[in-house]
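# Remarks on the overall topology
What follows is the residue order along each chain.
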Amino acid sequence: MFEIGNTLREARTRQNLDFMELEQATKIRGKYLRALEDERFEILPSQTYVKGFLRSYADYLGLDGQIYVDEWNSRFATGEEEAPLRPRRSTARPRHSRKVERNVVVLALLGIGVVTALIFAAWKFGGGNQPHVPNLGRKPGPAKPVVRGTKQANLLVKAVRGDSLVVVRLGSATGRQVYNGTIQQKGQSQHFVARRLWLDIGSPANLEFHLNGRKLQIGGNKPCVLVVTSKIVRPAAPGTC
């Protein structure tokens, strides 16, 4: 068990993100994002909104949204939205009234589904600076110099002690995959530039990292999942590194 709200808040503050920027990026109103961080889930319109917003917000912060939805389900879900609607036997209503009521319920559920799908699509395909993806068929040169004030993560990954499998996606675990292969020990390297990168590394101890000109040593012999921005390198979620 972990605290949903506190881990979301810590991930946001580590990345120096404010609610205005997050509202534009995720298409979720700022008061609902605050409610998620405060674990005041009753403010959101329904459980469907809670799970949809929670997944989108966590994924945007570079976390695993499914972990947060599962945690919310285990602690807060009541199951009341899945209960079938049945007319009371003691209160007879006209057939036309019951038909209208069923139609209203169906339309409401369809509306919730459409809103959730639009929010997810807006987050996944919404505007933002398109990251530069290098030509993976050639060895990149040394890391480019950092421009002061840039929000791009300029990352060079080089094999120095052995081979390592590396998977790189843009933004989060559900983002577009830009690299999936083995960086070999014989001085092979790969270069990535984006606002946020998600890395799944098989053998971190075999690699050397340069982020915006700064040399980083991750270390460790077990697989590690990281989120990289222009300012920080951190585990994607608790227990992933």
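Residues numbered from 1 in each chain as written. Predicted model: local features only at pLDDT ≥ 70, side-chain atom pairs only at ≥ 80, totals over all residues. Heavy atoms only, no water.

### Some remarks on the environment of lysine 222
Spelled out, the test is: Note on conventions: DSSP H or I runs of at least 4 residues are helices, E runs of at least 2 residues are strands, and numbering of each starts at the N terminus. Throughout, a residue-residue contact means that at least one pair of heavy atoms, one from each residue, lies within 4.5 Å.
Mapped onto the elements of the fold, lysine 222 is located in the loop between strand 7 (214-216) and strand 8 (224-228). When the C-alpha positions of lysine 222 and serine 203 are compared, they lie 6.2 Å apart, and in sequence the two are 19 residues distant. Apart from the residues within four sequence positions on either side, lysine 222 is in contact with Gly202, Pro204 and Cys241.

### Let's talk about the confidence of the model for the protein chain
Test applied: The predictor reports its confidence for every residue as pLDDT, a score running from 0 up to 100.
In this model, the protein chain carries a mean pLDDT of 79, and residues with pLDDT of at least 70 account for 78%. Here helix 6 (residues 95-125) is the element of the protein chain with the lowest mean pLDDT, 77, and helix 3 (residues 30-38) is the one with the highest, 93. Segment residues 82-88: pLDDT under 50, and four contacts once partners within four positions in sequence are set aside and those in other chains are kept. The low-confidence segment residues 128-149 (pLDDT under 50) makes 23 contacts with residues lying over four places distant or belonging to another chain.

### Re the packing of helix 1 (residues 4-14) against helix 5 (residues 65-75)
The following threshold applies: For helices, the axis comes from a line fit to the C-alpha atoms of the stretch in contact; other axes are also lines fit to C-alpha atoms, and the angle between any two N-to-C directions lies between 0 and 180 degrees. Roughly parallel means an angle under 35 degrees; roughly antiparallel means over 145; roughly perpendicular covers 65 to 115; every other angle is labelled oblique. Here the term charged refers only to Asp, Glu, Lys and Arg, the term nonpolar to Ala, Val, Leu, Ile, Met, Phe, Trp, Tyr, Cys and Pro, and the term polar to all other amino acids, Gly among them.
At a closest axis distance of 11 Å, the pairing of helix 1 and helix 5 adopts a crossing angle of 155°. When the interaxial angle is binned, helix 1 and helix 5 end up roughly antiparallel. In contact with Ile4, Thr7 and Leu8 of helix 1, helix 5 contributes Tyr68, Glu71, Trp72 and Arg75. Its residues assigned to classes, the contact of helix 1 with helix 5 comprises four nonpolar, one polar and two charged.

### Considerations on the packing of aromatic side chains
Defined as follows: Two rings from Phe, Tyr or Trp (for Trp, the six-membered ring) form a pair when their centres sit within 6.5 Å of each other. Planes less than 30 degrees apart are called stacked, planes more than 60 degrees apart edge-to-face, and all others tilted. By definition, being over a ring means that NZ of Lys or CZ of Arg is both within 6 Å of the ring centre and within 35 degrees of the ring normal.
Tallied over the entire structure, the rule returns five aromatic pairs. A network of ring pairs unites the aromatic residues Tyr32, Tyr49 and Phe53 as a single cluster. A cation over a ring is seen here: arginine 196 above tyrosine 60, with NZ or CZ 5.1 Å from the ring centre.

### Examining unusual backbone geometry
Here the phi dihedral of asparagine 16 falls at roughly 55°; this positive angle occurs in a residue that is not glycine. Mapping asparagine 16 onto the fold places it in the loop between helix 1 and helix 2 (19-26). One non-glycine residue with positive phi stands out, namely glutamate 39, at about 55°. Mapped onto the secondary structure, glutamate 39 falls in the loop between helix 3 and helix 4 (47-60).

### Observations regarding the sheet that holds strand 4 (residues 189-194)
Sheet strands pair by backbone hydrogen bonding; their relative direction is either parallel or antiparallel. The line we're drawing: For two strands to count as paired, DSSP must find a minimum of two bridges between them.
An order of 4-1-6-7 is seen for the four strands of this open sheet, with the pairing classed as antiparallel. Of all strands in the sheet, those with a lone pairing partner are strand 4 and strand 7, marking the two edges. Strand after strand, the sheet turns through a mean of 20° between neighbouring axes, direction not considered. The sheet contact formed by strand 1 (residues 153-159) and strand 4 spans six bridges and is antiparallel. The residue of strand 4 that forms the bridge with lysine 158 is serine 189.

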